[in-house]
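Residue strings, one per chain:
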Amino acid sequence: TSMSCVLEHLALTKPASAIVLTDGYIEEVDEHLIQDISATRFHAIVTRDGNPSALHRAGITYTQLDEVPS
């Protein structure tokens, strides 16, 4: 996921809230982009097999999906 593109779009459009679905594998995020969207309630949903560590390092809140029971 190119999180910088997502954050730049949010900074430009300034929605009240936004959710992104990702596997968690994102590039390094510029802290200024996080600051630029501080007025937007932003949350990531991470796929069950994804890795949220980069989101955690960037300070982006997330929820990781559990395996769907059969």
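Residues numbered from 1 in each chain as written. Predicted model: local features only at pLDDT ≥ 70, side-chain atom pairs only at ≥ 80, totals over all residues. Heavy atoms only, no water.

Enquirer: How should I be thinking about the pairing of strand β1 (residues 17-22) in this particular structure?
Expert: Along any regular strand the residues' side chains alternate between the sheet's two faces. Here β1 shows a clear split, with Ala 18, Val 20 and Thr 22 buried on one side and none of Ser 17, Ile 19 and Leu 21 buried on the other. In this sheet, strand β2 (residues 41-46) lies alongside β1 in parallel orientation, the contact comprising 6 bridges. Pairing of Ala 18 across the sheet is with Phe 42, part of β2. The parallel pair β1 and β2, bridged by helix α2 (residues 31-36), forms a crossover whose chirality is right-handed. (Buried < 20%, exposed > 50% of the residue type's maximum accessible area, 1.4 Å probe, protein only. Helix = DSSP H or I, 4+ residues; strand = E, 2+ residues; numbered from the N terminus. Pairing = 2+ DSSP bridges. Right-handed = clockwise from strand over helix to strand, strands pointing away.)

Enquirer: Sorry, what's going on with the sheet that holds β2 here?
Expert: Whenever strands of a sheet pair, they do so through backbone hydrogen bonds, lying parallel or antiparallel. Here 3 strands make up an open sheet; going across it, the order is β1-β2-β3 and the pairing parallel. Lying at the two open borders of the sheet, with one neighbouring strand each, are β1 and β3 (62-64). For this sheet the average axis-to-axis angle between neighbouring strands, irrespective of direction, equals 20 degrees. Packing against the sheet, helix α1 (residues 3-13) makes contact with β1 and β2, and its axis sits at approximately 155 degrees to β2. (Axes fitted to C-alpha atoms, helices over the stretch in contact; angles between N-to-C directions. Contact = heavy atoms within 4.5 Å.)

Enquirer: Honestly, unusual backbone geometry in this entry has me stumped. Any pointers?
Expert: Backbone geometry follows two general trends: most residues other than glycine have a negative phi, and most peptide bonds adopt the trans configuration. One non-glycine residue, Lys 14, lies in the positive phi region at around 50 degrees. Of note, Lys 14 is situated in the loop between α1 and β1. For Lys 14, a relative accessible area of 60% gives the class exposed.

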